[in-house]
Amino acid sequence: MLVVEAKLKNGTSEQYQRLNEAIKTAQFVRNKCVRYWMDNKGTTRNDLQKLCAVLAKDSTTPWVNKLNSQARQSSADRAWAAIARFYLNCHDSSIKKKGFPKFKKYSRSVEYKITGYKLSDDRKQITFTDGFKAGTFDLWCSQKTLVYYSSQQMRRLRVVRRADGYYCQFLIDYERQEKHEFTGSVVGIDLGLNVFYTDSKGNTVENPRFLKKTVRRLRKAQRKLSKRFKKAQKQSNNYHKQRQKVAKLHLKVSRQRKDRAIKDALALVQSHDLVVYEALKVSNLVKNHKLAKSISDASWYQFTQWLNYFAKIHKITCIAVPPQFTTIDCSVCGAKVYKTLSTRTHLCPHCKTVLARDFNAAINILKKGLKYLGEYLNGTVGHTGTDPNDWGESGLWIFNRDVEDLSRLVEPVIPRSDSGKIPRHSNA
């Protein structure tokens, strides 16, 4: 699946207000479904779908009937997704916070399926045809234009409200594949704050610190917003204008982080056949209030998500290893050298090795990844010395047992293992 985003332009203020009403109606249907599930034991997904039709026929809620029927069903699906996730978390003892479904207060999107809108033949305009009658908007797309895809490929449409306007996200049935030239290059990366990451070859990528660069403008804009706030009164138009300015600054930082994460992840995948990184638990790391802002600004999680995505479409191996002892262990002799957070140099008293702290950790991360890969290859799944078909659905096959020569890795896929040898990994 591929998501193509286009901005809705050249609409009047009344048209955008009608889109906003559709978003609020979708939020109302979703909250009604959650309330129905709370009040009725044994509610199923089919019951929530039936509730949508009941709400549309209810004379006390006539605005619900204006929303497209499939958009109402999508809102019910959202409610059921939260309920199903709660049920799943209840059966997992390792998850402490079960995530009980909550009522949405500030929804920003409404989702259509294949009805409720109509695209022009040149895919440059869209007309919303449901009861709200938002009318026609121009589509501005910075990615591939929609003319390359047929209407049968477009599965869903989501209208999203952001600080700088309204956007359409098209979910397109398209399988993306990229050609990758295998060279046998392997790398391990250590994520950090001084530099964004250090690889096992000693190369570093700087930490852009987008929030830190914008913090002065943000503080000034937020001070103005605070001064215009009136307690227990209706807020003025100037307050809402300033609120939009603050939101746009945050949106810009978010887009900068995403753009940088995509570029760094793609460059890493294109130049290597095996990438190993540490599986950091960012939600736990941000509990350190002295480093929480810097950790969030680095956006490690978003980077690893894009790394896994590009590894999949380029068909290379990407492994996440546990971060324990990667900094402490000596990459040469394996001795444990304990360090404080301020110690940036690894100095081993046993073998006299002197390395940068992050460089030493990156080498250990690569060694861990190769170890897990070797354990999997030498395991009980098939016979690696006979026939590649013995691996069955895994598709993992190395003709040469030398792990340094990964250029012969064909369709490297490491499936989930019940034995727990590979705690976290991705398909590639």
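- By the naming in an unreviewed UniProt entry, the chain goes by RNA-guided endonuclease InsQ/TnpB family protein and is assigned to Floridaenema fluviatile BLCC-F154.
- In UniProt, the chain has this text filed under Sequence similarities (unreviewed entry): "In the C-terminal section; belongs to the transposase 35 family."

**A closer look at the side chain of H314**
Then, number 1: Residue position: H314 is located in helix α8 (residues 300-314).
Then, number 2: Taking relative accessible area as the criterion, H314 reaches 5% and is therefore assigned buried.
Then, number 3: Residues within four places of H314 in sequence aside, it is in contact with E178, K179, H180, L266, V269 and Q270.

**Regarding the nonpolar core**
Then, number 1: Ranked by size, the top nonpolar core spans 31 residues in total, and within it L8, Y112, I126, F128 and F170 carry the most contacts.
Then, number 2: When residues of this core are traced back to their parent elements, those giving at least two are β1 (2-9), α1 (13-39), β2 (109-112), β3 (117-119), β4 (125-128), β5 (135-140), β6 (154-162) and β7 (165-172).
Then, number 3: In terms of residue count, the dominant contributor to this core is α1 (5 residues).
Then, number 4: Every residue in contact with Y112, bar those within four places of it in the chain, is listed here: A22, L67, N68, A71, Y117, F128, D130, R156, L157 and V159.
Then, number 5: Grouped together as the second largest cluster of nonpolar side chains are 25 residues, L193, F303, I313 and C318 included.

**Here's the deal with the environment of V159**
Then, number 1: In this fold, V159 is placed in strand β6.
Then, number 2: In the structure, V159 is positioned 11 residues away from F170 in sequence and 9.0 Å away in space, judged by C-alpha atoms.
Then, number 3: The contacts of V159, once residues within four sequence positions are left out, are L8, L19, I23, R108, S109, V110, Y112, F128, Y166, Y167 and C168.

**Digging into unusual backbone geometry**
Then, number 1: Phi angles above zero are rare outside glycine, and K133 is one such case at about 50°.
Then, number 2: Of note in the backbone geometry, F325 takes a positive phi value of approximately 65° without being a glycine.
Then, number 3: We classify F325 as partly exposed; its relative accessible area is 42%.

**Brief notes about the sheet that holds β7**
Then, number 1: Overall, antiparallel pairing links the 7 strands, which are arranged β2-β6-β7-β1-β5-β4-β3 in an open sheet. Each of the sheet's edge strands pairs with one partner strand only, and the pair in question is β2 and β3. Recorded for the sheet is a direction-independent mean angle of 30° between the axes of neighbouring strands.
Then, number 2: Sheet analysis places β1 next to β7, joined by 6 bridges and oriented antiparallel.

Cut-off values and rules
Residues numbered from 1 in each chain as written. Predicted model: local features only at pLDDT ≥ 70, side-chain atom pairs only at ≥ 80, totals over all residues. Heavy atoms only, no water. UniProt positions renumbered as here; feature names shortened; annotations may be inferred. Helix = DSSP H or I, 4+ residues; strand = E, 2+ residues; numbered from the N terminus. Buried < 20%, exposed > 50% of the residue type's maximum accessible area, 1.4 Å probe, protein only. Contact = heavy atoms within 4.5 Å. Core = buried A, V, L, I, M, F, W, Y, C linked by side-chain atoms within 4.5 Å. Pairing = 2+ DSSP bridges. Axes fitted to C-alpha atoms, helices over the stretch in contact; angles between N-to-C directions.

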